[in-house]
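Here is what each chain is made of, one letter per residue.
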Amino acid sequence: MRAANTYLGSIGTTIFTVMSALATEHKSINLGQGFPDTEGPADVVLAAADALNDSRNQYPPMPGVPELRQAVAAANRRFYGLDIDWAKEVTVTSGATEAITASLMAVLDPGDEVVLIEPLYDTYVPVVRMLGAIPRIVRLAPPRWDLPHAELADAFGPKTKAILFNSPMNPCGKVFTAEELGFIADLVARHDTYAICDEVYEHLVFDGARHIPLMTLPGMRDRTMRIGSAGKTFSLTGWKVGYVTAGAALTPLVQKAHQNLTFTTAPNLQRAVAVGLAKDDAYFASLAGNLQARRDQLAEGLAAVGLSVLPTQGTYFITTDFSPLGFNGDDVAFCRHITEQAGVTAIPVSAFYDEGEAPRHYARFAFCKREAVLAEAIDRLQRHFRG
Ligand code: PMP
Ligand code: GLN
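A brief structural summary. Predicted, not measured: the structure shown is a model, and the values here were computed from it. (Residues numbered from 1 in each chain as written. Chains lettered and ligands numbered in written order. Predicted model: local features only at pLDDT ≥ 70, side-chain atom pairs only at ≥ 80, totals over all residues. Heavy atoms only, no water.)

**Re the overall build of the protein**
The cut-off we apply is this: Counting from the N terminus, the helices are the DSSP runs of H or I reaching at least four residues and the strands are the DSSP runs of E reaching at least two. Only protein chains enter the calculation, and the probe is 1.4 Å; a residue is then buried if its accessible area is under 20% of its type maximum, exposed if over 50%, and partly exposed in between. A 1.4 Å probe and the Shrake-Rupley method give the accessible areas. Residues count as covered only by the protein chains that appear here. Positive charges come from Lys and Arg, negative ones from Asp and Glu, while His and the chain ends are left out of the count. Throughout, a charge is located at the NZ atom of Lys, the CZ atom of Arg, the CG atom of Asp or the CD atom of Glu.
A tally of helices and strands in the protein yields 15 helices and 13 strands. Its C-alpha atoms put the protein at 60 × 55 × 50 Å along the principal axes. Considering the protein as a whole, with its 387 residues, one finds that 56% of them fall into the buried category. Summing over all exposed atoms, the protein offers an accessible surface of approximately 15800 Å²; the carbon and sulfur share of this is 53%. For the protein, the distance from the average site of its 34 positive side-chain charges to the average site of its 42 negative ones is 3 Å.

**Concerning empty space enclosed by the protein**
Selection rule: Of the two site types, the cavity is a set of points on a 1 Å grid over the protein atoms alone where a 1.4 Å probe fits but cannot get out, and the pocket is an open set with protein on both sides within 12 Å along at least five of seven lines, each lined by residues with an atom within 4 Å of a point. Grid points are joined across faces, edges and corners, and a volume is the space filled by probe spheres set on the points. Residue polarity follows a fixed list, in which Ala, Val, Leu, Ile, Met, Phe, Trp, Tyr, Cys and Pro are nonpolar, Asp, Glu, Lys and Arg are charged, and the others, Gly among them, are polar.
Summed over all chains, the structure comprises two cavities of 30 Å³ or more. Lining the largest cavity are Val 72, Ala 75, Asn 76, Phe 79, Tyr 80, Glu 202, His 203, Arg 226, Thr 233, Tyr 243, Thr 245 and Leu 277. Every element with two or more residues in the lining of the largest cavity is listed here: α4 (66-80) and β8 (242-246). A per-element tally of the lining of the largest cavity places α4 first, with five residues. Partitioned by chemical class, the residues of the lining of the largest cavity number six nonpolar, four polar and two charged. Taken as a whole, the second largest cavity encloses approximately 40 Å³ of empty space.

**Focus on the sheet that holds strand β6 (residues 194-198)**
Just so we agree on the cut-off: For two strands to count as paired, DSSP must find a minimum of two bridges between them. Whenever a helix is involved, its axis is fitted only over the stretch in contact; in every case the axis is a line through C-alpha atoms, and angles between N-to-C directions fall within 0 to 180 degrees. Contacts were defined at the residue level, with two residues in contact if any of their heavy atoms lie within 4.5 Å.
Strand order across the open sheet formed by seven strands is β2-β8-β7-β6-β5-β3-β4, with mixed pairing between neighbours. Every interior strand has two partners, whereas the edge strands, β2 (90-93) and β4 (134-139), have only one. If you compare each strand with its neighbour and ignore which way they point, the axes differ by 20 degrees on average. Here six bridges tie strand β3 (residues 113-118) to β4, and the two strands are oriented parallel to one another. Bridging from a neighbouring strand, Leu 116 pairs with Ile 137 of β4. Here helix α6 (residues 95-107) sits on the sheet in contact with β2, β3, β5 (160-166), β6, β7 (224-229) and β8, set at roughly 165 degrees to β7. In the packing of helix α11 (residues 251-261) onto the sheet, the strands contacted are β2, β7 and β8, and the crossing angle to β2 comes to about 20 degrees.

**Some details on the nonpolar core**
Convention followed: The set of buried Ala, Val, Leu, Ile, Met, Phe, Trp, Tyr and Cys residues whose side-chain atoms join them within 4.5 Å is what this entry labels a nonpolar core.
Leu 68, Leu 152, Ile 163, Leu 214 and Phe 365 are the most contacted members of the largest nonpolar core, which totals 123 residues. The residues touching Ile 163, leaving out its near neighbours within four places in the chain, are Val 115, Ile 117, Leu 152, Phe 156, Ile 184, Val 188, Tyr 194, Ala 195 and Ile 196.

**Description of α6**
Counted only if it meets this: Every helix has an expected span of 1.5 Å times one less than the residues it contains.
Taking 1.5 Å of rise per residue, 13 residues should cover 18 Å, and α6 covers 19 Å from first to last C-alpha, within 8% of that figure. Of all 13 residues that make up α6, eleven are buried, and the element is covered over most of its length. Every buried residue of α6 is accounted for by Gly 95, Ala 96, Glu 98, Ala 99, Ile 100, Thr 101, Ala 102, Ser 103, Leu 104, Ala 106 and Val 107.

**Details of the state of the cysteines**
Short version of the rule: The definition used for a disulfide is geometric: two cysteine sulfur atoms within 2.5 Å.
Counted according to the given criterion, the structure contains zero disulfides. The structure places no disulfide on Cys 172, whose sulfur is separated from the nearest cysteine sulfur, that of Cys 197, by 16 Å. Distance from the sulfur of Cys 368, which forms no disulfide, to the nearest cysteine sulfur (Cys 335) is 16 Å.

**A few points about the site of ligand 1**
Test applied: Residues are classed as near a molecule or strand on a simple rule: at least one heavy atom within 4 Å of it. By the criterion applied in these results, polar contacts are pairs of N or O atoms within 3.5 Å in which, for protein atoms, one can donate a hydrogen and the other can accept it, and in which residues neighboring in sequence qualify only through two side-chain atoms.
As a structural note, the neighbourhood of ligand 1 is formed by 13 residues, with Thr 97, Asp 198, Tyr 201, Lys 232 and Lys 240 the closest of them. Taking Tyr 121, its side chain carries an N or O atom lying 3.5 Å from a nitrogen atom of ligand 1. One of the side-chain nitrogen or oxygen atoms of Tyr 201 is found 2.6 Å away from an oxygen atom of ligand 1. The leading source of residues in the shell around ligand 1 is α6, at four residues.

**Some details on the sheet that holds strand β13 (residues 362-366)**
Spatial strand order, β9-β10-β13-β12: four strands in an open sheet with antiparallel pairing. On the outer flanks of this sheet lie β9 (308-309) and β12 (347-348), each paired with one strand and no other. One ladder, built from two bridges, connects β9 with strand β10 (residues 317-321); its direction is antiparallel. Bridge assignment links Ser 308 to a residue of β10, and that residue is Asp 321. The strands touched by helix α13 (residues 281-305) are β9, β10 and β13; relative to β10, the strand with the most contacts, the crossing angle is about 15 degrees.

Right under this line is the structure:
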C-alpha cells in the first residue's frame, strides 16, 4: 500500500504513554506522566454525576455550555482583573490539548512561522508542522531557564504569525517574570503577531510567585489566546475540559477550528467544571499549598539520593540533573533504568526538545502524588543508589 501521512509516520508514540506503559509493566511508582493520584474535589465530581441525570445529555452548544463560559469569564475577572464577554470571548474545548490545536488553527496559514520556546510540550511542534507552518525554536538553558532576549528577538521576522509558550512551564517549573512577559509582549506588538498562551498550570504556583497572563499586558488583550485546563485546576486530568479566552475577533476563528475538531465537549463535565471555577479562594490556595509541600518533600528526597534538584516555582514537576550519580548513559537510559531496577519512573527531559542536541542528563519527576507514595519512591531510589 502507498505510504500514509509521512510526518505522522515519522514521529513516535508520546513519551508519556511510553513511560506509563513501562511503569505498569514493571510495577514501578509512576512519577512520569503528570496526573494526581487522588480524586478531584468531591463537590465537582458529584456535580458531574448529578448533571447526567437531568436530561441534558445531547449536544451542548458548540462554544460550550453558558454556565461554564460564564464561569471562565468570572474566573478571568477574579484572578486577573480581565473583563471578558462570556458570550463572545470564551470557547470550551476537549482539554487544553484541543485548545492549543484550535488556537494554532485560528491564526496560522501554511508557510507561517511560529516562535516556540524549548523545552516544549510534546504536541506543539507536531501540530504546527501538520498545519504546514514552520516552528522557530528558541531554547532556554538549564539550570536557570532564563529567557534569552536576543535570540527570542531574532526568532521574530516578517513571516512570524504567532508565538506559543507555556507558563508556568512544563517540564522545568519556570514561571515567566513580568519583565520577560513585557519583552514578549513588545515583540508580539512590534511584529503584529498573535500569542497563544498555554496556562494550564496557572493555579499551581509556589513560594508566593505570581502567574501573570500575557493577556493582561498593554496591547495584548486582542492578540492573545489564553488557555486553561480543568484537568490541572481540579486534579481531574481524565476529564479533558479546556477553555480558550480570546478577543471577540479571534474567538469565532477558534470556534471554527473547534467545530471541525470535536464540535463539543461532554455537557455534564462542562457543568461540573463551572461549579469548580466558582469555588472560593481557599480552594485555589490549598491546591497550590498542598502541592508545594509535596514539591518540597520530593525535592528533599531526591537531593538526599544524590540528584541535583533544579528549583521549580510551578507545575507538577521537578527537573533533576542525575549526573552526580555517575550513571553511565543518557536520560532515556536513566529513566528506563530506574523504572526497571529501582521501581520508580520519571520522564527524560530530552523528550521536550525537537531539534539539535538536547541536554541528556536531566530527568523530570512528578510530585502530584500522595505523601506516602512519594516517600516510598524516595526509599526505593535510596535503596537502589545508596544501598
Ligand atoms: N499543556 C501542557 C504544558 C501540559 O502539561 C498539558 C498536560 N496535560 C496540556 C497542555 C494538556 O492539557 P489537557 O489534559 O487539558 O489536554
Ligand atoms: N501533561 C502531562 C505531562 O506532562 C501528560 C499529558 C499526556 O499524557 N498527554 O506529564
